[in-house]
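Here is how the chains run, residue by residue.
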Amino acid sequence: MEHLIKGKFGRIVISSYLNNPLKYGQSKINQRSFSSIWGGRALERSRPLFYTHNRYQRRHYGMLIVRALRGVLKIRYILLGGAVAGGGALQKKFQDWQDGMPDLKWLDDVLPDNEKWQEWRGNLIEFKDTMKDKIAIDPRIKSLTESKLNEFRSWFDQRLDDAIAAAEQQNGQLPPAIDDTKEKNTVFAKSFTETFERDDKARKDAQARLNNLQDEMIQTQIKYQKELERLEKENKELRKQNLLLKQGKKAPTRKIKHSLIDMYSEVLDELADFDSGYNTQDQLPRVVVVGDQSSGKTSVLEMIAQARIFPRGAGEMMTRAPVKVTLSEGPYHVAQFRDSTREFDLTKESDLADLRREVELRMRSSVRGGKTVSSEVISMTVKGPGLHRMVLVDLPGIISTVTTDMASDTRECIKQMTQTYMNNPNAIILCIQDGSVDAERSNVTDLVAQCDPNGKRTIFVLTKVDLAEENLADPNRIRKILSGKLFPMKAIGYFAVVTGKGRKDDSIQTIKDYEEYFFKNSKLFKDGVIRSTQVTTRNLSLAVADCFWKMVRETVEQQADAFKARRFNLETEWKNNFPRIREQDRDELFERARAEILDEVVNLSQVSPKQWEDCLMSKIWDKVSSHVFENIYLPAAQTGSFETFNTSVDIKLRHWAEQALPSQAVESGWETLQEEFQKFMSKANQAPDHDDVFDLLKAAVVSEAMQRHSWEDKASEMLRVIQLNALEDRTVSDKRDWDAAVKFLETSVKNKLKQTEDMLKDMLGPSVKERWMYWKYQSEEQAKRCAIKSELDKILYTNEKHPPLLTYDELTTIRNNLLQRSSIEVDNEFIREVWFPVYRRHFLKQSLTKAYDCRKSFYLYHQQADVECSDIILFHRIQQMMKVTSNALRQQIINREARRLDKEIKDVLEDYSQDIDKKETLLTGRRVTLAEELKRVRQIQEKLEEFIQALSKEKYKTKTKFTFGILDTTESLSL
């Protein structure tokens, strides 16, 4: 058997080599004197060796091709055998069914020929007219009402019409001659109709069963073919692995190879993320689908993608954001979002519904701030057998009116977005026009004409041509549209498509069948209004893909050169401005800052227990000192009674420990922890190798962690118990504790005295020395206060143990003295205002003197002698409370709070690492932006170069295949 393989430049004859390739192969090659299997003629030994070697290489390639063809032809024979066997089984099944049908040859004897049939039909119609005229019912019959009379007439007419209709539907013969009576005609027509309907129903049932059998046979063949291909593929893989195991080699890992269109789509995504304000004239080609709302844009894109992937709405705006769809060829029809790993099987209706729902959710979530449309791009990849490789962007439809449920600037936003995409000189504009509406209502054609006045990159698509054919009375209007003579825009191609009957549940195959049926039977196509190359979405897809790749090949190298120049300029700027600093983008800088912050958290463990307790005691006293003096010590001490002092102190201390003290202690511990951590951060910022680019980020992280962190609630309860126990202990058992309490009292009183003197100085103004030496002056009020102070000093001098309040007589005396001596007139409140700091200073000086006297009174106190040192006991109790509180807080910080703070900081850092806006806000400066821009430019350039290499390889492969085809054909012809 001979098999012919047809080529572009000839044919090659393959003979019995298919059955025994070794006969013509290896054995003859080893002898260097083999015969050509192509021509059947031995090679001449006189030819040069290199020519023989080249001929051998070409022969080797031919052998490989023959082996591949033998495998393919073998599979074809298997499939063909299966199809023939299935067809034979189907034919036998049909023959058995036909033999089981009842014999209807008796109808030939009953039914007359066609001439009698036509005669009987005419007689029946004439009988109808005659009977309608002759039948008259006496209206005087009172048993029949007018309604019954009409009902009887309509019933008779209907029965007669049914008989005539049944006779007309049967394209056969008339029955024998009939009587002129009404009853015989009616009975015969009824029996004839019932017989015909019964036979027709049986015929339809048989046809339906036959169709089901055919469908089952086709499905069985398809399953068999797929299973055969799967098994053959598995067999090849197993044989390959078996050979590798026998040779002791490890099976190589399979490297995923991206298709050209996927690589190109990644480049577009990088460009879109590079800069939102990036100049559109530097972007790479893509197909931009534009049109008025409800013009059929989405339907056209779905027909090109071969799947109903977009949500539908009855008159509602559904496309609210640009959707970038990357089409590529693949074995399975699937879709996938750029930022997701889930694949949607487009052959399953459930996955299609999920995909449409996901698209709608992404569109609605991209609309923020009360807007109706968004410029945020939704990227999607669709793969499937037979899809043309291209990148399309579906934009929101252009509207004429803004409804109440839209933002006021919706129309302008859509227009601006559409112009931005179309102004890209490398974008192919797919202009969609609704053919069912008047051309004068179009909004998109004017925009397209403005962006592409010469029409060098515009493809015009007229949709809903089936509705246009029904509605338009003048077909020449469609001819003008598709010839570019009606709209004020130009295009490189004009197409007419039909994207369904308007039902959203129709499948793509149903729409394609309807489209082909329409154009096959359309008057527009038959009358020459539309050319065959201008119709169907299939021709449109071919034209768009061809135009797309043509523009890609023309522009991609220019874009790569532009980014190469941009990269060179940025690298030069970096070398000039930051010569000794390594390039680090925001992500790398953030990781460095994260490491430094976590190191400072670890350094908290280096703080010694004594340092913690000293800091805590200092912070606690700063927090409670004002309360101790103002609410406990001064009110009790100014009573002047030893017994009253102790009673008042006990009551106030217990109330304080039960109410405010625990929370104040917890706040002190938290503030101490924060201050110590800030100290470590400050030391790190003062280091010689400190990088100030991290300062804002570190401060924000620490501040956020401190706000999130809260002390454990049970700490307050624990502190309340130990603080009450410490404050209730009045005994001072050690001289060292006594001296510490005295020193604590002296220090506290001195600090309070200094605050009081500062306040009094502000009230009195500059002293005499300052007025004479520094030329400072008192105000009128300050002069009055000085005069009042002189009078108050006289009172305190005469009575050192004066109570804290002035009597009415004393106030009157002071006012009279001021009026008589200095002519100063003041009221009682003004005098009391000066009296408060004056008396407090006087009292604190007395307290300080008493503290000095109590230094050596420990032994008298220990012997229970009557000594007035209650102040020392009070401050000893407060000091002991502060010690046990600081010790408890220190243990809690080391054991619990430092770890919780570490966790809070790590959580904040993790949140910030995912927040791009935070990074851009906290990591700023030209150094950061320049490194970031350099990184993105390098990525884009690398992807462009990778894409160019892949594109060149594809061109080379295509050219190589074409060249080898020429060589093989030429050799065959020469031989």
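The rules behind these values
- Residues numbered from 1 in each chain as written.
- Predicted model: local features only at pLDDT ≥ 70, side-chain atom pairs only at ≥ 80, totals over all residues.
- Heavy atoms only, no water.
- pLDDT = per-residue confidence, 0-100.
- Helix = DSSP H or I, 4+ residues; strand = E, 2+ residues; numbered from the N terminus.
- Contact = heavy atoms within 4.5 Å.
- Patch = residues over 30% accessible without salt bridge, like charges linked within 9 Å, V, L, I, M, F, W, Y side chains within 5 Å.
- Areas by Shrake-Rupley, 256 points an atom, 1.4 Å probe, with all protein chains shown as cover.
- Salt bridge = Lys/Arg side-chain N within 4 Å of Asp/Glu carboxyl O.
- Buried < 20%, exposed > 50% of the residue type's maximum accessible area, 1.4 Å probe, protein only.
- Disulfide = S-S within 2.5 Å.
- Polar contact = N/O pair within 3.5 Å; in protein donor to acceptor, adjacent residues only side chain to side chain.
- Expected span 1.5 Å × (residues − 1).
- Pairing = 2+ DSSP bridges.
- Axes fitted to C-alpha atoms, helices over the stretch in contact; angles between N-to-C directions.
- Phe/Tyr/Trp six-rings, centres within 6.5 Å; stacked < 30°, edge-to-face > 60°.
- Lys NZ or Arg CZ within 6 Å of the ring centre and 35° of its normal.
- Core = buried A, V, L, I, M, F, W, Y, C linked by side-chain atoms within 4.5 Å.

**Q** Would you explain the confidence of the model for the chain in this entry?
**A** Do not read the fine detail of predicted coordinates wherever pLDDT is low. Considering every residue of the chain, the mean pLDDT works out to 75; 70% of them sit at 70 or more. Predicted confidence in the chain is weakest over strand S2 (residues 11–14), with a mean pLDDT of 37, and strongest over helix H23 (residues 735–764), with 91. Confidence over residues 134–142 falls short of pLDDT 50; this stretch has 4 contacts with residues more than four positions distant or in other chains. Scored below 50 in pLDDT, residues 171–182 shows 33 contacts in the model against residues more than four places distant or in partner chains.

**Q** Please explain a nonpolar patch on the surface as it appears in this structure.
**A** Side chains of Val 768, Trp 772, Met 773 and Tyr 774 sit close together on the surface and give an oily, nonpolar patch of about 540 Å² of accessible area. Turning to its location among the elements, Trp 772 is positioned in helix H24 (residues 768–773). Note on Trp 772: relative accessible area 71%, which makes it exposed.

**Q** Honestly, the state of the cysteines in this entry has me stumped. Any pointers?
**A** Throughout this description, disulfide means a covalent bond between two cysteine sulfur atoms. Tallying each qualifying case throughout the model produces 1 disulfide. Here Cys 854 pairs with Cys 869 through a disulfide, and the sulfurs are 2.2 Å apart. Judged by the sign of its S-S torsion, about -100°, the bond between Cys 854 and Cys 869 is left-handed. Of this pair, Cys 854 sits in the loop between helix H27 (828–853) and helix H28 (858–862) while Cys 869 sits in the loop between H28 and helix H29 (870–914), placing them 15 residues apart in sequence. According to the relative accessible area criterion, Cys 869 is buried, its value standing at 5%.

**Q** Teacher, can you tell me more about the side chain of Ser 295 here?
**A** Its location among the elements puts Ser 295 in the loop between strand S3 (287–291) and helix H8 (297–305). In this structure the side chain of Ser 295 is engaged in a polar contact, spanning 2.6 Å, whose partner is the backbone oxygen of Asp 292. With residues up to four places along the chain from it excluded, the contact list for Ser 295 reads Ile 432, Asp 434, Thr 463 and Lys 464.

**Q** Could you clarify how one ought to interpret H23 in this entry?
**A** Since the α-helix packs 3.6 residues into each turn, any two residues three or four apart lie on the same face. If you check H23, its first and last C-alpha atoms are 43 Å apart, about what 30 residues at 1.5 Å a residue would give, namely 44 Å. Two or three places before Arg 736, at the start of H23, stands the capping residue Asp 734, its side-chain oxygen 3.3 Å from that residue's backbone nitrogen. Within two residues after H23, Gly 765 carries a phi angle of roughly 85°, on the positive side.

**Q** Would you explain the environment of Glu 266 in this entry?
**A** Secondary-structure assignment places Glu 266 in helix H7 (residues 260–274). Residue class for Glu 266 comes out partly exposed when judged on its relative accessible area of 30%.

**Q** How should I be thinking about the environment of Val 334 in this particular structure?
**A** Secondary-structure assignment places Val 334 in strand S5 (residues 334–337). For Val 334, a relative accessible area of 13% corresponds to the buried category. Note: C-alpha distance between Val 334 and Pro 385 (51 residues apart in sequence) is 10.0 Å.

**Q** Help me understand the sheet that holds S5, please; the structure alone is not making it clear to me.
**A** Whether parallel or antiparallel, the strands of a sheet pair through hydrogen bonds between backbone atoms. With mixed pairing, 9 strands are arranged side by side in an open sheet as S6-S5-S7-S4-S8-S3-S9-S10-S11. Looking at which strands have only one partner, the edges of the open sheet turn out to be strand S6 (344–345) and strand S11 (493–496). Sheet analysis places S3 next to strand S8 (residues 390–394), joined by 3 bridges and oriented parallel. Looking at the pairing, Val 287 lines up with Leu 392 of S8. The strands touched by helix H11 (residues 444–451) within the sheet are S3, strand S9 (428–434) and strand S10 (458–463), with S9 carrying the most contacts at an inclination of about 160°.

**Q** Just to check I follow, could you spell out the packing of aromatic side chains for this structure?
**A** The tally for this structure, following the rule as stated, stands at 17 aromatic pairs. When the centroid spacing of 5.7 Å and the interplanar angle of 90° are considered together, the rings of Phe 629 and Tyr 633 count as edge-to-face. In this pair, Phe 629 and Tyr 633 both sit in helix H18 (residues 609–637), 4 residues apart, roughly one turn of the helix. Take Tyr 633: its relative accessible area is 0%, and that puts it in the buried class. Positioned above the aromatic ring of Phe 337, the side-chain terminus of Arg 362 is 4.1 Å from the ring centre. Cation over ring: Lys 919 sits above Phe 590, and NZ or CZ is 5.3 Å from the ring centre.

**Q** Sorry if this is basic, but what is going on with the nonpolar core here?
**A** What tends to happen in soluble globular proteins is that the nonpolar side chains get buried as a cluster. Ranked by size, the top nonpolar core spans 100 residues in total, and within it Trp 621, Tyr 633, Phe 677, Trp 738, Leu 874 and Ile 905 carry the most contacts. The element that contributes the greatest number of residues to this core is H29, accounting for 15 residues. Ignoring any residue separated from it by four or fewer positions in sequence, one finds Trp 738 in contact with Val 732, Cys 854, Arg 855, Ser 857, Phe 858, Tyr 861, Cys 869, Ile 872 and Ile 873.

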